[in-house]
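Here is what each chain is made of, one letter per residue.
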Amino acid sequence: MSIDALSSPQIKTAVDYCGSVPVEHLDYGYIEKCKDVKYLEKILRQLRSGKEGMFPHLIRFCESHLETLEPRSPALRKETPVVTAASLSTDEWGQVNDELKTWQNEIRNIDTSLKQWSLFGDFVKENVPRVRLSNSTIPLTKNTVTKEKGNPSKRPLPRDFQEWDKFDVEKECAEIDETVAKNDPPAYIDIEVPKVKTKEDASLLTQQEKQILAYHEKDKGNEAFRAKDYEEAVVYYSRSLSVLPTVAAYGNRAQAEIKLQHWNNALTDCQSALKLEPCNVKALLRRATVLFHKGNFQMAAEDLRMVLKKEPQNPTATQLLSETEKNLRESHLEEKSKRKVILIQEEDEEDDKKKAEQTACPVEPIQLVGGEDSEAAPIERGDMGNSQKKSHSRGDGGPHSKFNNSHNGHGKGKGGSSDKYKVTQESKEKLTNGTGKRGSTASPQDERNNTKGTSEGGGNTESTVNLNAPCGALPPHLSRLKNEGNLLFKKGQFADALEKYSLAIQGYTDSGIDSVEDLCILYSNRAACYLKDGNSQDCIQDCTRALELQPFSLKPLLRRAMAYESLERYRKAYVDYKTVLQIDISVQAAHDSVNRITRLLIEQDGPEWREKLPNIPMVPLSAQQHRREEPPSTEVLQARAEKAARDAGLKRKGEIRFAGLKQEGNDFVKKSKYQDALGKYTECLKLKPEECAIYTNRALCYLKLEKFIEAKQDCDAALKLDPVNKKAFYRRALANKGLKNYLACSSDLQEVLQLDPNVQEAEKELEEVTLLLRQSLANATPSKHRKSIPITEDDDDEETTTIPNSDSSCKEDDISINLHPTNSCEFGQALNAARCHRNTMACAELLANTSSEMLPKFMSTQLDGDTISFIMQALDTHLLEKDPNLVYQHLNQLHTANRFSVALMLQEKDGRHQMTQLFERLFAVECTEFTKNDVQNLANKYI
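Remember, it's a predicted structure, so these values are computed and weren't measured experimentally.

Student: I tried to follow the overall build of the chain on my own but got confused; where do I start?
Tutor: For the chain, the helix and strand inventory stands at 42 helices and 4 strands. Across the 943 residues in the chain, those meeting the buried criterion constitute 39%. Contacts in the chain between residues at least 24 apart in sequence constitute 61% of all its contacts with a sequence separation of at least 6. Counting every atom, the chain has about 58,200 Å² of accessible surface; 51% of that belongs to carbon and sulfur.

In structure tokens, the structure reads:
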């Protein structure tokens, strides 16, 4: 048998995975024939260990063979070495180091600011609040760790075997328990559990600190809520809201109040959350839950439909809506059954009623109520109808007894006797229907819609009213429901009218109509029904919803004020009445109510009653009806029409002329007559200065004529009108290239490619500009050979001038400056001499004798922040008044010098102020060589 046959892995011999690998197996032939992945991994580890020597080629051969058999083998994994400064370039390592230092500084600043808070210092002096669901607290001054007495070095001797035989385990354990009980201090039982404050003083905190503190308090409330300690959760949510009101905190506190069954508080929190975010799904769902438990199924169903419109798959809303609709149907059936009994009784007493109607007072004509489109308006009656019916008790949301019994002259309220402050029935009718003036506030359209069913004698109106009349943007079936509700309201059947309005609101929500005005009217009408039935709480809710849809609407404000007054919420009623008077000062009922409530509040709160009032909102001028202008006369309308016709004619002529000039300019560009095209485009801009395409076209002409500054200005103007204009970016890049501002050119070309990556011209230009930018940086980086210049004394007065130094801080009275430099070295020496003595006059003389074109070349090696500030001061102090054009030319050339942007960044605050002052004075100068627009564009490069 050969050696190959013995070493071949095809022979099924037992492989020792635990022992070492034989030297014979560390061979190319064996490794190539071996198919056992596990054994190959062991061979690879043996080769890598170097115990038998280093064989790099054999290791690579084994790795390739193992990768062929099992690419995912763990042995093929190579550890990546940790990145160090040596493995990175200087720029990459500097960037990483800067980022780490920035992160460390931010964390250090945040830590320092949090430690400096004095907000949490008060808690150290107090006891730690009790552990949740416990009644004990431990004082902070109490040390819970007791020191062992005695000498620790004296240890007890070990027991021998005889003593262990006599050892009583139970007795020893009892002694240990007694020792622990004696040594441990007793727990401090706090009978009166310290209460956590519900408000936190955050007046001295910044906005960021308020956000952090509010978030922490809300998290505490969430922990208490998860522990089912809802009272403590309410406390912490209240603390969070006292620091910074948020929608999440209001919603969470509402949920905790729901768990505690505090329905009114939960409803208030939901309303507050919806004020901050009107379409918040959680707030709507929780308000629906509250309304469901309070028995207001109709409004709960509306909220749930809005939730399902936002989230159709919400299981909680779906289940609650089915239960709400079931309860709503049952309540409707109960009401219908009760009405049937009443109708039977009315049929039995029909003859008696006819006689009573003949002897009763005559019915007054129907008084239409305005302010909203086809809104319900009841007939003012004598002793008939439901307008005088007895309301519910105060607990059910009905008006107070002094208002219900005011026509009898009995009863007293909190504010004094009812005879002194009683509300007459006439005022109640006016407030309910939204009228307080001598006439109706209805629009002519309202009167046409509503007067069809009226009669002078109060006869039958049902036969003449068109129930199918259109109502705004409502579909026909909803318009009929609304008209039926209006008719029933006029007849005094408020419960039936309430049902019609509720069905109309439900149909509006289901149909998905977008007509805020119509929905506002439906809510306002239903609120009038609630107010007539004595249900003031629901009236307030409907009025609030109407005002959310149309703020500063007159009738909902009046009705809500009446409901607040009936519930003795005089402060809120006062605010609503005052808001009504801001909208329309001629509402007499609001004036009477304000006077009456003012007397009540003075008796109730004393002289400081105004300080306890809520804030009265400011009504915008557009909503103030008494400030609206009267309709213009016929002459004014005719004059306006003539002026509009003339303006339209001029505009049409201007459009035609603009189109002709633009076409002529385009034709000139096609013929390469750029100067002629320039004139046409300039005339176009006089007609339409906001046309972006004309600026880009004229910029093209400037580029062809090599007027790069003007081309850049036109591109800037085009980008102000259209910030994503590709042509403007591309042509401004070409202008910057012509001005040798390669960095700005590269930035504009990158903007073009970001907007449209398929622009090949921009790609080619970007490659070329990148090369130019690298060359310019390479030329500026290496140090140039200094030119040796012999210094000799020159007595020629023409070349050297002695200038008195009035501003010098040195001891010498005069300095010698060469005012006619021929190269950058001589210019630098003269400038340094003037700057050393702070002689701005000498600097101004030097700049006056230097051409603007040579200034960037002379300043290339002298630029720093202090030099720029000194030049700005010399230009502002001595040259601006003498020659403003020279100042403009110097400034126009100075920013093109090398390293100007770096020197500008290193400038101090005083230097920037000096630069701003110079440009402000230059902007105010009237000069024919440059315009204010030129100065503004130049200032953008410096400031």
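Student: What's the story with the packing of helix α35 (residues 824-836) against helix α38 (residues 865-879) in this structure? I'm lost.
Tutor: Helices that pack against each other are described as a pair by the angle of their axes relative to one another and the distance between those axes. At a minimum axis separation of 11 Å, α35 and α38 run at an interaxial angle of 80°. Relative to α38, the element α35 lies roughly perpendicular. The residues of α38 that touch α35, namely those facing L831, A834 and R835, are D866, T867 and F870. Counted by class, the contact of α35 with α38 contains 3 nonpolar, 1 polar and 2 charged residues.

Student: What's the story with the pattern of salt bridges in this structure? I'm lost.
Tutor: Oppositely charged side chains can pair when the atoms bearing their charge come close. Following the criterion strictly, the structure yields 30 salt bridges and no others. For the salt bridge of R48 with E63, the shortest nitrogen-to-oxygen distance reads 2.7 Å. You can see R48 sitting in helix α3 (residues 37-49) and its partner E63 sitting in helix α4 (residues 56-69), a full 15 residues away along the chain. With a relative accessible area of 14%, E63 lands in the buried category. One salt bridge connects E664 with K680, and the closest N-O pair in it is separated by 2.9 Å. With a gap of 16 residues between them, E664 in helix α28 (residues 634-670) and K680 in helix α29 (residues 674-687) connect regions that are remote in the sequence. The partly exposed category is assigned to E664, whose relative accessible area is 36%. Here the residues in one salt-bridge network are R287, E302, D303, R526, D542 and R545, joined through shared partners.

Student: Quick question: what am I supposed to make of the confidence of the model for the chain here?
Tutor: Low pLDDT marks stretches whose predicted atomic positions should not be read closely. The pLDDT averaged across the chain works out to 75; a share of 73% of its residues lies at or above 70. For the stretch residues 118-128, pLDDT sits under 50, and the model shows 13 contacts to residues farther than four places along the chain or on other chains. Below pLDDT 50 for its whole length, residues 781-814 participates in 35 contacts with residues either more than four positions away or in separate chains.

Student: Which parts of the structure should I look at to understand a positive patch on the surface?
Tutor: Residues K275, K294, R569 and K572 make up a contiguous surface patch of positive charge. Mapped onto the fold, R569 is located in the loop between α25 (554-566) and α26 (570-583). Here R569 falls in the partly exposed class, since its relative accessible area comes to 31%.

Student: What is the right way to look at the packing of α38 against helix α39 (residues 884-894) in this model?
Tutor: Packing of α38 against α39 brings their axes to within 10 Å, and their N-to-C directions diverge by 170°. Overall, the two elements α38 and α39 adopt an arrangement that is roughly antiparallel. Of the two possible hands of crossing, α38 and α39 adopt the one that is left-handed. Contact residues: M872, L875 and L879 in α38; P884, L886, V887, H890, L891 and L894 in α39. Broken down by class, the residue content of the contact of α38 with α39 amounts to 8 nonpolar, 1 polar and no charged.

Student: How should I be thinking about the nonpolar core in this particular structure?
Tutor: The nonpolar side chains of soluble globular proteins are, as a tendency, buried together. One finds F489, C539, Y574, Y577, V580, I597 and L601 to be the most contacted residues of the largest nonpolar core, which totals 52 residues. Within the residue set of this core, elements represented by two or more residues are α21 (476-490), α22 (494-511), α23 (516-532), α24 (536-549), α25, α26 and α27 (588-605). Looking at this core, the element that brings in the most residues is α23, giving 9 residues. Here Y574 is in contact with V594, I597, T598, L601, W609, R610, L613 and I616, once residues within four sequence places are set aside. Counting 42 residues, the second largest nonpolar core, distinct from the first, contains L847, M872, L886 and F900.

Student: Please explain unusual backbone geometry as it appears in this structure.
Tutor: What you tend to see is this: most non-glycine residues have negative phi, and most peptide bonds are trans. Phi is positive for S672, close to 65°, though the residue is something other than glycine. Summarising the element assignment, S672 is placed in the loop between α28 and α29. What makes S672 partly exposed here is its relative accessible area of 46%.

Student: I tried to follow a nonpolar patch on the surface on my own but got confused; where do I start?
Tutor: Together, W103, I107, I110 and L114 make up a nonpolar patch on the protein surface, roughly 400 Å² of accessible area in all. Mapped onto the elements of the fold, W103 is located in helix α5 (residues 90-115). W103 sits in the exposed class, given a relative accessible area of 52%.

Student: Looking at this model, I keep getting lost on the packing of aromatic side chains. Mind explaining?
Tutor: Remark: the centre distance and the inter-plane angle together describe each pair of aromatic rings, the angle taken between the planes. Enumeration according to the criterion identifies 10 aromatic pairs in this entry. Aromatic side chains F900 and Y942 sit 5.2 Å apart centroid to centroid with 75° between the ring planes, which places their arrangement in the edge-to-face category. Linking F900 in helix α40 (residues 900-905) with Y942 in helix α42 (residues 932-942), this pair joins segments that are 42 residues apart in sequence. The pair F900 / Y942 is uniform in exposure class, with both members buried. One Lys or Arg, K688, reaches over the ring of F658 and ends 4.8 Å from the middle of that ring. Here K932 stacks its cationic end above the ring of F923, 4.8 Å away from the centre of that ring.

Student: Sorry if this is basic, but what is going on with the side chain of T840 here?
Tutor: By secondary structure assignment, the location of T840 is in helix α36 (residues 840-848). Using a relative accessible area of 4% as the deciding quantity, one classes T840 as buried. Of note is the side chain of T840, whose polar atom sits 2.9 Å from the side chain of H878.

Student: Hey, could you run me through helix α14 (residues 297-310) in this one?
Tutor: Given 3.6 residues to a turn, an α-helix orients residues that are three or four positions apart in the same direction. Between the first and last C-alpha of α14 there are 20 Å, a value that for 14 residues agrees with the 20 Å anticipated at 1.5 Å per step. For α14, the tally of buried residues reaches 11 of 14 residues, placing the bulk of the element in the interior. Every buried residue of α14 is accounted for by F297, Q298, M299, A300, A301, E302, D303, L304, R305, V307 and L308.

Student: It is not clear to me how the environment of L567 should be interpreted in this structure. Could you clarify?
Tutor: Within the secondary structure layout, L567 lies in the loop between α25 and α26. The buried category is assigned to L567, whose relative accessible area is 14%. Each C-alpha atom of the pair L567 and Q537 lies 8.3 Å from the other, and the pair is 30 residues apart in sequence.

Student: Quick question: what am I supposed to make of the state of the cysteines here?
Tutor: A covalent bond between the sulfur atoms of two cysteines is referred to as a disulfide. Throughout the structure, instances matching the rule amount to 0 disulfides. Just so you know, C529 is unpaired, no disulfide at all, and the nearest cysteine sulfur is the one on C539, 9.8 Å from it. C543 carries a free sulfur, and the closest cysteine sulfur to it, the one in C539, is 4.0 Å from it.

Student: When you look at the side chain of R287 in this model, what are you seeing that I'm missing?
Tutor: Take R287: it is sitting in helix α13 (residues 281-293). R287 gets classed as buried once you look at its relative accessible area, which sits at 4%. Within polar-contact distance, the side chain of R287 engages the side chain of D303 at 2.8 Å. Contacts of R287, omitting those with residues within four sequence positions, involve L267, C270, Q271, L274, D303 and R545.

Student: Is there a simple way to explain the environment of Q271 in this structure?
Tutor: With respect to the helices and strands, Q271 occurs in helix α12 (residues 263-276). Expressed as a C-alpha distance, the spacing of Q271 and Y250, which sit 21 residues apart in the sequence, is 9.0 Å. When sequence neighbours within four positions are dropped, the list of residues in contact with Q271 reads R287 and E548.

Conventions used here
- Residues numbered from 1 in each chain as written.
- Predicted model: local features only at pLDDT ≥ 70, side-chain atom pairs only at ≥ 80, totals over all residues.
- Heavy atoms only, no water.
- Helix = DSSP H or I, 4+ residues; strand = E, 2+ residues; numbered from the N terminus.
- Buried < 20%, exposed > 50% of the residue type's maximum accessible area, 1.4 Å probe, protein only.
- Contact = heavy atoms within 4.5 Å.
- Areas by Shrake-Rupley, 256 points an atom, 1.4 Å probe, with all protein chains shown as cover.
- Axes fitted to C-alpha atoms, helices over the stretch in contact; angles between N-to-C directions.
- Parallel < 35°, antiparallel > 145°, perpendicular 65-115°, else oblique.
- Nonpolar A, V, L, I, M, F, W, Y, C, P; charged D, E, K, R; others polar.
- Salt bridge = Lys/Arg side-chain N within 4 Å of Asp/Glu carboxyl O.
- pLDDT = per-residue confidence, 0-100.
- Patch = residues over 30% accessible without salt bridge, like charges linked within 9 Å, V, L, I, M, F, W, Y side chains within 5 Å.
- Lys, Arg positive; Asp, Glu negative; His and termini not counted.
- Charge placed at Lys NZ, Arg CZ, Asp CG, Glu CD.
- Left-handed = near helix turned anticlockwise from the far one by under 90°.
- Core = buried A, V, L, I, M, F, W, Y, C linked by side-chain atoms within 4.5 Å.
- Phe/Tyr/Trp six-rings, centres within 6.5 Å; stacked < 30°, edge-to-face > 60°.
- Lys NZ or Arg CZ within 6 Å of the ring centre and 35° of its normal.
- Polar contact = N/O pair within 3.5 Å; in protein donor to acceptor, adjacent residues only side chain to side chain.
- Expected span 1.5 Å × (residues − 1).
- Disulfide = S-S within 2.5 Å.

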